[in-house]
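What the coordinates show
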Amino acid sequence: MDNQTEVRKFILLGLTSLQGLQKFLFMLFLLLYLSTLLGNMAIMIVVICEPRLHTPMYFFLCNLSCLDIFFSTVTMPKMLAGFLSGHQDISYTGCLSQLHFSYFAGTSEALLLAVMAYDRFMAICYPLRYTLIMSPRACLQLAAGTWTTGFLHALMHTVMTSRLHFCGPNHIQHYFCDIKPMVRLACSSSQLNLTLLNIITGSLAIGPFVFILFSYLYIFSFLRLKVQSKEGRRKAFSTCISHLTVVALFYVPVIFNYVPPSLGNSPRWTMIATLMYNVVTPVLNPLIYTLRNVEVKRA
């Protein structure tokens, strides 16, 4: 490594190199980003200001909106600046920071969706014990646990990536500093990085997803066998379907990217899958939870 030059700057190749599409993509993604900010901020303000919404479900929804804003803000402003300038260069430190905060927000959101499924499970299947189990203290602990786990997971990847040597090409085939396209540029061995990505990140994607599926299988069985009221079933199904829609929009592209590793090797498909959970899902979440939720629409 003595005769090799360390890379101090990376070039993000972005979504396309066609100059004619840059302005159109800038307007499109600016609209999506503003929609993300306004929609999720509206949910947070409504939940905070409306006392009737001070329940565990809306507390976690407020956390989800906060993470959606954070998740999009990590990557989209840099992408928008690249559409205007025609190129997206980013410093080595900035690249590591973007990697860290994107994995921090993404992992926290994946775990939070599992926590929200647990909340629905307790509310529907154990309504008499719900207020005792999902106390304000328990909700704070669950939320803090998701954020802390997300931060530690991201910190692991950031530290491991910072140990790699970059001495050759500095063009990243992505619109932000993701681990897979970064490690392809490393001059030193990245086998440990990829192993941790496949095992740890794969487990954090598959584990909560399986938990959510089993939770809802139990919930739907419970509603079918134990709940006789059609109105009770309709109300329970309404909140469940909203959450399941968000889970599908988030987890399907995440699993495509990280489990198994062979599926996410194409840079083009990786970018499309990442756009789904990084850009599209944060825009749709407020619409999904408000259009199907009578209490939020009234508030």
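Here the residue numbers are simple positions, counted from 1 along each chain's written sequence. Totals for whole chains, interfaces and linings use every residue, but because this is a predicted model, local features are given only for residues with pLDDT of at least 70 and side-chain atom pairs only at 80 or more, for both listing and counting. Computation of side-chain values: all heavy atoms of the structure, hydrogens and water removed.

This part covers the sheet that holds strand β2 (residues 88–91). Adjacent strands of a sheet pair through backbone hydrogen bonds, lying either parallel or antiparallel. Ordered by their spatial adjacency, three strands build an open sheet running β2-β1-β3, and the pairing between neighbours is mixed. Edge strands, defined here as strands with exactly one partner in the open sheet, are β2 and β3 (171–172). Two strands are counted as paired when DSSP detects at least two bridges linking them. Numbering goes from the N terminus for both helices and strands, where a helix is a DSSP run of H or I of at least four residues and a strand is a run of E of at least two. Judged from the four bridges that link them, strand β1 (residues 9–12) and β2 form a sheet pairing that is antiparallel. By the bridge assignment for β2, Ile11 is matched with Asp89.

Summarising the model, the protein chain shows a mean pLDDT of 86, and 94% of its residues fall at 70 or more. The quantity called pLDDT is the predictor's confidence in a given residue, expressed from 0 to 100. Here helix α10 (residues 294–298) stands out as the least confident element of the protein chain, with mean pLDDT 79; helix α5 (residues 136–162) is the most confident, with 95. It only takes one pair of heavy atoms within 4.5 Å for two residues to be counted as in contact. A low-confidence stretch, residues 1–5 stays under pLDDT 50, and its non-local contacts, those more than four residues away or across chains, total six contacts.

Geometry of aromatic contacts follows a simple scheme: Phe, Tyr and Trp rings, the Trp one being its six-membered ring, pair when their centres are within 6.5 Å, and the pair is stacked under 30 degrees between planes, edge-to-face over 60, tilted otherwise. Using the criterion set out here, one finds 17 aromatic pairs in the structure. On the numbers, 5.8 Å between centres and 65° between planes, the contact of Phe121 with Tyr126 is edge-to-face. We classify Phe121 as buried; its relative accessible area is 16%. Both rings, one in Tyr175 and one in Phe176, keep their centres 5.3 Å apart while their planes meet at 55°; by these two values the pair is tilted. For the residue pair Tyr175 and Phe176, the accessibility class agrees, reading buried in each case. Burial classification: accessible surface area is computed with a 1.4 Å probe over protein chains only, and a residue below 20% of its type maximum counts as buried, one above 50% as exposed, and the rest as partly exposed.

Two cysteine sulfur atoms form a disulfide, by the criterion used here, when they sit within 2.5 Å. Across all of its chains, the model carries two disulfides by this definition. Covalent S-S linkage joins Cys95 and Cys177, the inter-sulfur distance amounting to 1.8 Å. Between Cys95 and Cys177 the disulfide shows an S-S torsion of about -110°. By sign, it is left-handed. Of the two residues, Cys95 sits in helix α3 (residues 92–125) while Cys177 sits in the loop between β3 and α6 (179–183), which places them 82 residues apart along the sequence.

On to the UniProt feature "transmembrane region" (unreviewed entry) in the protein chain, then. UniProt positions are given in the numbering used here, feature names are shortened, and annotations may be inferred rather than shown by experiment. Under the local residue numbering, the UniProt record ascribes the feature "transmembrane region" (unreviewed entry) to residues 24–46, 58–80, 100–118, 138–156, 199–219, 240–259 and 271–291. End C-alpha atoms of residues 24–46 are separated by 33 Å, and the span's content is 100% helix alongside 0% strand.

This part is about helix α7 (residues 191–226). Here the expected span of a helix is defined as 1.5 Å times the quantity of residues minus one. In this model, α7 (36 residues) spans 51 Å end to end at C-alpha, consistent with the 52 Å of a helix rising 1.5 Å per residue. What we call the bend at a residue is the angle made by axes fitted to the seven residues finishing there and the seven residues starting there. Along α7, the sharpest kink reaches roughly 30°, centred on Ser203.

What follows covers the nonpolar core. If you look at the biggest cluster of nonpolar residues, it comprises 69 residues, and the most contacted ones within it are Phe10, Leu113, Phe166 and Tyr251. When residues of this core are assigned to their parent elements, the largest contribution, 19 residues, is made by α3. What Leu113 contacts, discounting residues up to four positions off in sequence, is Leu64, Ile212, His243, Val246, Val247, Phe250 and Tyr251. Judged by nonpolar contacts, the second largest core, of 13 residues, contains Leu25, Met76, Phe176 and Met271. Here the nonpolar core consists of buried residues drawn from Ala, Val, Leu, Ile, Met, Phe, Trp, Tyr and Cys, with membership extended through side-chain atoms lying within 4.5 Å.

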